[in-house]
Amino acid sequence: MITESLRSLYNRDLNKLKTEIEAYQNEENLWKIDKNIANSAGNLVLHLVGNLNHFIGTHLGNTGYVRQRDLEFYLKDVPRSELIEKIEATITMIESTLSKLSEEDLKKEYPLVVFENKMTTDYFLIHLIAHLDYHLGQINYHRRLLDY
């Protein structure tokens with residue numbers, strides 16, 4: 001069942017995101033940028049949480065979440081503890097939302113046209129996990145480069 005696989009992968013990777021943020025030795029380094037590194041780890045966390053709450057929470061879970069995408073990249077110095085809380089709340093939201101979706105729901109058209117073409121819900125959920133993992137890798141690299 002793909003919903004079980006998706007739930008497992010989102011849970012695994014969001015917990016890995018939490019682990020990465022907790023691994024920063026110096027909390028200030030979460031917000032560091034350098035040369036060609038345009039996004040800090042903190043801003044990438046805000047972006048991922050906003051992205052998932054918007055596309056999964058709002059459009060599949062009817063959570064009422066209102067995304068403020070500009071703030072995901074504009075806000076600075078959000079405490080690590082608040083970033084962790086946002087990740088944990090996102091884990092809970094995804095678990096709740098995906099547990100209510102049937103295999104039939106996943107084959108339906110995603111309720112929003114995000115790219116140029118319509119797509120199925122399962123396709124977009126797979127895309128979103130790939131997007132999460134792309135930025136998770138960036139955060140890991142950011143930490144290893146700039147957390148000293």
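Further up the page is the structure itself.
Cut-offs and rules
Residues numbered from 1 in each chain as written. Predicted model: local features only at pLDDT ≥ 70, side-chain atom pairs only at ≥ 80, totals over all residues. Heavy atoms only, no water. Helix = DSSP H or I, 4+ residues; strand = E, 2+ residues; numbered from the N terminus. Contact = heavy atoms within 4.5 Å. Core = buried A, V, L, I, M, F, W, Y, C linked by side-chain atoms within 4.5 Å. Buried < 20%, exposed > 50% of the residue type's maximum accessible area, 1.4 Å probe, protein only. 1 Å grid on protein atoms, 1.4 Å probe; cavity = no way out; pocket = protein on both sides within 12 Å on 5 of 7 lines; lining within 4 Å. Points joined across faces, edges and corners; volume = space filled by probe spheres on them. Nonpolar A, V, L, I, M, F, W, Y, C, P; charged D, E, K, R; others polar.

Student: Which parts of the structure should I look at to understand the side chain of Asp122?
Tutor: By the secondary structure assignment, Asp122 is in helix H6 (residues 121-146). When near neighbours in sequence (up to four residues on either side) are disregarded, Asp122 contacts Ile2, Leu106 and Lys107.

Student: Would you mind going over the nonpolar core with me for this structure?
Tutor: For soluble globular proteins, nonpolar side chains are generally found buried alongside one another. Residues Tyr10, Leu17, Ile21, Leu125 and Ile139 are the most contacted members of the largest nonpolar core, which totals 37 residues. Of all the elements, helix H2 (residues 41-61) adds the most residues to this core, at ten residues.

Student: I keep staring at the layout of surface pockets and nothing clicks. Help me out?
Tutor: Where empty space is left in the structure can be found by rolling a water-sized probe over the atoms. One number sums up the size of the largest pocket: a volume of about 250 Å³. Taken together, 16 residues line the largest pocket, and the ones lying closest to its centre are Leu46, Val49, Tyr65, Glu72 and Lys86. Counting residues per element, the ones that place at least two in the lining of the largest pocket are H2, helix H3 (69-74) and helix H4 (80-99). By volume, the second largest pocket is sized at about 180 Å³. Taken together, Asn36, Ile37, Ala38, Asn39, Leu44, His135, Gln138, Tyr141, His142 and Leu145 form the lining of the second largest pocket. Residue contributions to the lining of the second largest pocket peak at five residues, all from H6. For the lining of the second largest pocket, the class distribution of residues is five nonpolar, five polar and no charged.

Student: Honestly, unusual backbone geometry in this entry has me stumped. Any pointers?
Tutor: Most of the time, phi is negative for any residue but glycine, and the peptide bond is trans. One non-glycine residue with positive phi stands out, namely Lys35, at about 50°. Inspection of the secondary structure puts Lys35 in the loop between helix H1 (2-23) and H2. Assessed through its relative accessible area of 79%, Lys35 is described here as exposed.

Read these as spatial facts, not as claims about activity.
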